[in-house]
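# A structural walkthrough
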Amino acid sequence: MQGVYSIMLSLILNLSIGSCASQGGTELAVLNNLQDGEAIATFAGGCFWCTEAVFERVEGVNNVVSGYTGGKEENPTYYQVSYGRTTHAEGIQIYYDPSVVTYQELLDIFFATHNPTELNRQGPDVGSQYRTAVFYHNNDQKEALESTIAKLDKSGKYDKKIVTEVKPYEKFWLAEDYHQDYYELNPGNPYIINVAIPKVKKLKKYFPEKVKAKYRAER
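Because the structure is predicted, anything quoted here is derived from the model rather than measured.

Along helix 2 (residues 48-56), nine of the nine residues are buried, which leaves the element largely enclosed by surrounding structure. When helix 2 is considered as a whole, its buried residues turn out to be Phe 48, Trp 49, Cys 50, Thr 51, Glu 52, Ala 53, Val 54, Phe 55 and Glu 56.

Take a look at the structure:
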């Protein structure tokens, strides 16, 4: 997916699973079917395989889906986004119970499990499609996000300024089916082993109390 072996992996996926276009493109996420009391958050922090895996393990998160957001193109496909042919970022939609985990806690986890100072890249993943961004759904989320960034910048935790985009939510296009739960379904993938697992370990290191019980014993 990213780097030399990533491009090879992408080609293999296209050959073995079929192209994104052949699967009918992508589907627009509909947000009017939330469960009672459920809230939603939209983050982009590099490859969605990684961010999805991190937040699926957070107590209070009911579901996480991967997709494309922040761009102007309609029905973007993985091929288009991953090769930088759109203005979209790989992102995730988080459906959560705010009585169990707050939006602020989700933000804290987001900033702790990726590098928010890298511009248009995340580790081996290079391009604006891997940019760090948060798409807020209301003014409360916007204020929490701006306050968090200001505090982190002031804290001196990072050598460089945070470059995370702060933008209002518009649309979220669901990624193709084979990207959903990719971490769980492809544990032997080199990218998962070398890039995604270390991010999941950061969650467990910094927020052990927020990890769902069924994931606490996994390595």
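Okay, back to it.
Quick look at the pattern of salt bridges now. All chains considered together, the criterion is met by seven salt bridges. Where Glu 184 meets Arg 57, a salt bridge forms, and the shortest distance between an N and an O atom there is 2.8 Å. Here Glu 184 is found in helix 6 (residues 182-185), whereas its partner Arg 57 is found in the loop between helix 2 and strand 3 (61-69), with 127 residues between them in sequence. Close ionic contact of Lys 171 with Glu 74 constitutes a salt bridge, the shortest N to O distance being 2.8 Å. You can see Lys 171 sitting in the loop between strand 8 (165-168) and strand 9 (172-174) and its partner Glu 74 sitting in the loop between strand 3 and helix 3 (78-82), a full 97 residues away along the chain. What makes Glu 74 partly exposed here is its relative accessible area of 47%.

Let us look at the environment of Thr 113. Along the chain, Thr 113 falls in the loop between helix 4 (103-112) and strand 5 (121-122). With a relative accessible area of 5%, Thr 113 lands in the buried category. Here the alpha-carbon distance between Thr 113 and Gly 45, two residues 68 residues apart in the chain, equals 8.8 Å. Those residues in contact with Thr 113 that lie beyond four places of it in its chain are Val 54, Lys 199, Lys 202 and Leu 203. One polar contact links the side chain of Thr 113 to the main-chain carbonyl oxygen of Ile 109, over a distance of 2.7 Å.

Turning our eyes to something else, we now look at the sheet that holds strand 7 (residues 132-136). The seven strands are arranged 1-9-3-4-2-7-8 in an open sheet whose pairing can be described as mixed. Each of the sheet's edge strands pairs with one partner strand only, and the pair in question is strand 1 (27-28) and strand 8. Where strand 2 (residues 39-45) meets strand 4 (residues 89-96), five bridges bridge the pair, whose relative direction is antiparallel. Residue Ile 40 lies in a different strand from strand 4, and its bridge partner there is Tyr 95. In this fold helix 4 packs onto strand 2, strand 3, strand 4 and strand 7, with an angle of close to 15° to the strand it touches most, strand 2. Lying over the sheet, helix 5 (residues 139-155) contacts strand 2, strand 4, strand 7 and strand 8, oriented at roughly 150° with respect to strand 7.

How each quantity is defined
- Residues numbered from 1 in each chain as written.
- Predicted model: local features only at pLDDT ≥ 70, side-chain atom pairs only at ≥ 80, totals over all residues.
- Heavy atoms only, no water.
- Buried < 20%, exposed > 50% of the residue type's maximum accessible area, 1.4 Å probe, protein only.
- Helix = DSSP H or I, 4+ residues; strand = E, 2+ residues; numbered from the N terminus.
- Salt bridge = Lys/Arg side-chain N within 4 Å of Asp/Glu carboxyl O.
- Contact = heavy atoms within 4.5 Å.
- Polar contact = N/O pair within 3.5 Å; in protein donor to acceptor, adjacent residues only side chain to side chain.
- Pairing = 2+ DSSP bridges.
- Axes fitted to C-alpha atoms, helices over the stretch in contact; angles between N-to-C directions.

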